[in-house]
Amino acid sequence: MRRFSKIALLLLAIMVVAVVSAHNFVVGQKMPPVVADEWIEEPPKLKDGVVLVDFFSSLNSTVMTHVPELKRLAKEYEGRMQVVVASKDPMEVMTEIFGDESGCYIALDRDGKLFSAFKVRFVPCTMLLDKRGRLLWAGDVLSLTDDRLEEFLVKKEKREKESRKAESEDKE
């Protein structure tokens, strides 16, 4: 049993590395703006902080398992992080899947321009971006733990606090 656990962990690690390397993402790299053909509701204010962008397809059964986690993250981290779901699916399909109260911002990318700009070759693909659009993390949303996410958010909040303190000292 112990050997099986080690093998399972190794396979999970390989899958995460494969996702990141297959897309050629580099942590810290500036990513393109999150622009969509249309938003189901209001577009998010992306300059307000950390943004989780999940590239989505209803045709992929693995991606469909992400829906509950994306909704949970949107609700649990409301005010600290925005969750954007980018999809080439029609509005009706996305509305049926996510509903009205998901807390997620749904970006409709009919022509695939957002997928192309981010060089997303396959799904699942999730990215965590800072307010300047730099890549903090990339992989499968199900492998992003709350502890790891908290690390990113606490660092962001600490930088913002230091920035506000420096600005107030400059005014004095």
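(A) Fine view of helix 3 (residues 67-76). Those residues of helix 3 that sit buried are Val67, Glu69, Leu70, Leu73 and Ala74. Looking straight down helix 3, one finds that the buried residues subtend no more than 165° of arc, so they occupy a single side.

(B) Region of interest: the sheet that holds strand 4 (residues 105-108). The strand order across the open sheet built from 6 strands is 1-4-3-2-5-6, with neighbouring strands paired in mixed fashion. Each edge of the open sheet carries a strand with a single partner, namely strand 1 (38-39) and strand 6 (135-139). Where strand 5 (residues 125-129) and strand 6 come together, 4 bridges link them in antiparallel fashion. Across the sheet, residue Leu129 finds its bridge partner in strand 6, namely Leu135.

(C) Geometry of helix 4 (residues 91-98). Taken together, the buried positions of helix 4 are Met94, Ile97 and Phe98. Taken down its axis, helix 4 places every buried residue within 80° of arc, on the same side. In helix 4, those exposed residues whose orientation departs by more than 90 degrees from the buried face are Glu92 and Glu96. Buried residues in helix 4 make contact with strand 2 (50-56), helix 2 (61-64), helix 3, strand 3 (81-87) and strand 4. Looking one or two residues past helix 4, Gly99 carries a phi angle of roughly 70°, positive in sign.

(D) Expanded view of a negative patch on the surface. Where like charges cluster on the molecular surface, the negative patch consists of Glu41, Glu42, Asp100 and Glu101. For Asp100, a relative accessible area of 59% translates into the label exposed.

(E) Seen up close, the confidence of the model for the protein chain. Across the protein chain, the average pLDDT comes to 83, with 77% of residues at 70 or higher. Of the regions scoring below 50 in pLDDT, residues 16-22 engages in 9 contacts with residues more than four places distant in sequence or in other chains.

(F) Highlighting the pairing of strand 3. The element strand 3 is extensively covered by neighbouring structure, given that 7 of its 7 residues are classed as buried. The alternating pattern of strand 3 places Met81, Val83, Val85 and Ser87 on one face and Gln82, Val84 and Ala86 on the opposite face, and all of these are buried. Sheet analysis places strand 2 next to strand 3, joined by 7 bridges and oriented parallel. Each residue of the ladder has a partner; that of Phe55, found in strand 3, is Ala86. Note that strand 3 and strand 4 share 4 bridges and pair parallel. Paired with Ser87 across the strands is Leu108, a residue of strand 4. Handedness of the crossover joining strand 3 and strand 4 through helix 4 is recorded here as right-handed.

(G) Up close: unusual backbone geometry. Along the chain, Val123 connects to Pro124 via a cis peptide bond; the corresponding omega equals 10°. The residue Pro124 is located in the loop between helix 5 (113-117) and strand 5 in this model.

(H) Structural view of the nonpolar core. Counting 47 residues, the largest nonpolar core has Phe55, Met81, Phe98 and Met127 as its most contacted members. Considering each element in turn, this core owes the most residues, 6 residues, to strand 2. With residues near it in sequence (within four places) discarded, Phe55 still touches Ala86, Leu114, Phe115, Phe118, Val120, Val123, Cys125 and Met127.

(I) View of the pattern of salt bridges. Scanning the model with the defined rule gives 7 salt bridges in all. The closest approach of N and O atoms between Glu38 and Arg110, which form a salt bridge, is 2.4 Å. Remark: Arg110 occurs in the loop between strand 4 and helix 5 and Glu38 occurs in strand 1; sequence separation between them is 72 residues. On the basis of relative accessible area, Glu38 is assigned to the partly exposed category, the value being 30%. For Arg110, a relative accessible area of 44% gives the class partly exposed. A salt bridge links Glu150 to Arg80, with the nearest nitrogen and oxygen atoms 2.8 Å apart. With Glu150 in helix 6 (residues 146-171) and Arg80 in the loop between helix 3 and strand 3, the pair connects residues that are 70 residues apart, well separated along the chain. Judged by its relative accessible area of 27%, Glu150 falls in the partly exposed class. Here the salt bridges do not stand alone but share partners, grouping Glu69, Arg72, Glu76 and Asp146 into one network.

Conventions used here
- Residues numbered from 1 in each chain as written.
- Predicted model: local features only at pLDDT ≥ 70, side-chain atom pairs only at ≥ 80, totals over all residues.
- Heavy atoms only, no water.
- Buried < 20%, exposed > 50% of the residue type's maximum accessible area, 1.4 Å probe, protein only.
- Helix = DSSP H or I, 4+ residues; strand = E, 2+ residues; numbered from the N terminus.
- Arc of directions from axis to C-beta.
- Pairing = 2+ DSSP bridges.
- Contact = heavy atoms within 4.5 Å.
- Patch = residues over 30% accessible without salt bridge, like charges linked within 9 Å, V, L, I, M, F, W, Y side chains within 5 Å.
- Areas by Shrake-Rupley, 256 points an atom, 1.4 Å probe, with all protein chains shown as cover.
- Salt bridge = Lys/Arg side-chain N within 4 Å of Asp/Glu carboxyl O.
- Lys, Arg positive; Asp, Glu negative; His and termini not counted.
- Charge placed at Lys NZ, Arg CZ, Asp CG, Glu CD.
- pLDDT = per-residue confidence, 0-100.
- Right-handed = clockwise from strand over helix to strand, strands pointing away.
- Core = buried A, V, L, I, M, F, W, Y, C linked by side-chain atoms within 4.5 Å.

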